[in-house]
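# A structural walkthrough
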Amino acid sequence: MRIDIITVLPGLLQGPLNESILKRGSQKGVLDINVIDLREYGLGKHKQVDDEAYGGKAGMVMMIEPIANCIGVLQKERTYDEVIYMTPDGKRFDQKTANTLSLKENLLILCGHYKGIDERIREAFITMEISIGDYVLTGGELAAAVVTDAICRLVPGVLNDETSALSDSFQDGLLSPPIYTRPAEFEGMIVPEVLRSGNFKAIEDWEHEQALKRTEDRRPDLLD
Ligand code: ADE
């Protein structure tokens, strides 16, 4: 899978994308994540990418020309399954959307900054708008990193144990059951007997029961 991310702050994405699982996926050749510096498509000597808003509103707006030129160059190279704009007024991101996007071949993500982007960019290029929650970040980069991480860990070959993504919280609409590791007892706190029983059917039943209970307690909305 290939993900291209357009940003005015490439440095904000370098850390999250070059560590851990995403790094491993890239090294294995199953992921190809590229950060494109929009400034390279900026206008004039100062590589301008933003300008004042029409109508006298305070704050700067990302201009259409640099973004149109940048997307134009990228689209000459390949067809994107989705051109995604990260914005607090987009559709709320969830596991279902992550699953759907993980099956795509090429994704393009545009990170907004300042007051946002010229509306004509949304009309002309954007096929999907994603929010990671009802709060406003200073830019779309951290949101793009979150979305990229959630998608990429589902791509076969990225996680070592492929079944582990399938048993994540939310994959079956339930939160995960409690998990434990050694020691079996710590200061009087004991790992449930059933998990040490070796009885796989009993363990599976217990885990399902616990997942249901946890979901009822913490996120009853998921059961609706
Ligand atoms: N850009 C700024 N805030 C955001 C959010 N909550 N989700 C996605 N992109 C954003």
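Here is a short report on the structure shown in this document. (Residues numbered from 1 in each chain as written. Predicted model: local features only at pLDDT ≥ 70, side-chain atom pairs only at ≥ 80, totals over all residues. Heavy atoms only, no water.)

## Let's talk about the overall build of the chain
Scanning the chain for helices and strands turns up 8 helices and 9 strands. For 224 residues, the compact-globule estimate of 2.2 N^0.38 gives 17 Å, and the chain exceeds it by more than 25% at 22 Å. With the principal axes as the frame, the chain shows a C-alpha extent of 70 × 40 × 30 Å. Put simply, the chain has 224 residues, and 41% of those count as buried. When contacts within the chain are restricted to residue pairs at least 6 apart in sequence, long-range pairs at least 24 apart make up 73% of them. Working note: accessible area of the chain is about 13300 Å², and carbon and sulfur atoms make up 51% of it. Treating the 25 positive side-chain charges of the chain as one cloud and the 37 negative ones as another, the clouds have centres 3 Å apart. (Helix = DSSP H or I, 4+ residues; strand = E, 2+ residues; numbered from the N terminus. Rg over C-alpha atoms; globule rule 2.2 N^0.38 Å. Buried < 20%, exposed > 50% of the residue type's maximum accessible area, 1.4 Å probe, protein only. Contact = heavy atoms within 4.5 Å. Areas by Shrake-Rupley, 256 points an atom, 1.4 Å probe, with all protein chains shown as cover. Lys, Arg positive; Asp, Glu negative; His and termini not counted. Charge placed at Lys NZ, Arg CZ, Asp CG, Glu CD.)

## Focus: the pattern of salt bridges
All chains considered together, the criterion is met by 12 salt bridges. The shortest N-O distance in the salt bridge between Asp-32 and Arg-2 comes to 3.4 Å. Of this pair, Asp-32 sits in strand S2 (residues 32-37) while Arg-2 sits in strand S1 (residues 2-7), and the two are 30 residues apart along the sequence. Look at Arg-2 and you get buried, because its relative accessible area is 19%. Connected through shared salt-bridge partners, Arg-2, Asp-4, Asp-32 and Arg-78 make up one network. (Salt bridge = Lys/Arg side-chain N within 4 Å of Asp/Glu carboxyl O.)

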